Amino acid sequence: MALVPPQKLAQDRMVSADAVLGGQVDLRAYPYRHLMVIARHKWGSSGFPPLMAAVEHLSNYGWDLVNVLSVGDGHHVYAAMRRTA
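Residues numbered from 1 in each chain as written. Predicted model: local features only at pLDDT ≥ 70, side-chain atom pairs only at ≥ 80, totals over all residues. Heavy atoms only, no water.

1. Brief notes about the pattern of salt bridges
Then, in step 1: A complete count under the given rule lists 2 salt bridges for this structure.
Then, in step 2: Here K8 ties to D12 by a salt bridge, and the two come within 2.5 Å at their closest N and O atoms. Highlighted residues: K8 and D12, both in helix α1 (residues 6-12), separated by 4 residues, approximately one helical turn.
Then, in step 3: Note on K8: relative accessible area 45%, which makes it partly exposed.
Then, in step 4: The closest approach of N and O atoms between D26 and R28, which form a salt bridge, is 2.7 Å.
Then, in step 5: Judged by relative accessible area, which is 74%, R28 ranks as exposed. (Salt bridge = Lys/Arg side-chain N within 4 Å of Asp/Glu carboxyl O. Helix = DSSP H or I, 4+ residues; strand = E, 2+ residues; numbered from the N terminus. Buried < 20%, exposed > 50% of the residue type's maximum accessible area, 1.4 Å probe, protein only.)

The structure is reproduced here in structure tokens:
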């Protein structure tokens, strides 16, 4: 698994829950206060459990959950996060 390049993360302001849980992101140099975490529903399973696991993981590093939303027909779920530190 490859790390998410810091430039891409700063440009997109979005990261997948799988990348967070897989240790593929380093948010120490992330220049913004807000970040979106996205999870996609996979065939036969919800994206909500991995999304919330990523939220819990990030809460250990100074990020708070602001909002959770589903877009379109529910195939994508997002968590808006805010850095507190």
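2. Focus on the sheet that holds strand β1 (residues 14-16)
Then, in step 1: Taken together, the 4 strands give an open sheet; going across it, the order is β1-β2-β4-β3, and neighbouring strands pair in mixed fashion. Two strands bound the open sheet, and with one partner strand each, they are β1 and β3 (63-71). Strand-to-strand, the axes of this sheet are offset by a mean angle of 25°, without reference to chain direction.
Then, in step 2: Note that β1 and strand β2 (residues 34-40) share 3 bridges and pair parallel. From the neighbouring strand, V15 faces β2, where its bridge partner is V37. (Pairing = 2+ DSSP bridges. Axes fitted to C-alpha atoms, helices over the stretch in contact; angles between N-to-C directions.)

3. Some thoughts on the nonpolar core
Then, in step 1: Membership of the largest hydrophobic core comes to 19 residues, with the highest contact counts inside it found for V15, L27, L35, V37, L58, W63 and M81.
Then, in step 2: Those elements that provide at least two residues to this core are α2 (17-21), β2, α3 (48-59) and β4 (76-83).
Then, in step 3: Broken down by element, the residue count for this core peaks at 4 residues, all from α3.
Then, in step 4: Among residues more than four places away in sequence, those in contact with L27 are L9, L35, L58, W63 and R83. (Core = buried A, V, L, I, M, F, W, Y, C linked by side-chain atoms within 4.5 Å. Contact = heavy atoms within 4.5 Å.)

4. Description of α3
The α-helix advances 3.6 residues per turn, and as a result positions three or four apart in sequence lie on the same side.
Then, in step 1: Compared with an ideal rise of 1.5 Å per residue, which puts 12 residues at 16 Å, α3 spans 16 Å between its outermost C-alpha atoms and is within 8% of the ideal.
Then, in step 2: Of all the positions in α3, only L51, A54, V55 and L58 are classed as buried. Projected down its long axis, α3 carries its buried residues within an arc of 105°, all on one side. Turned more than 90 degrees away from the buried face of α3, the exposed residues are P49 and E56.
Then, in step 3: Where α3 is buried, its residues meet α2, β2, β3 and β4. (Expected span 1.5 Å × (residues − 1). Arc of directions from axis to C-beta.)

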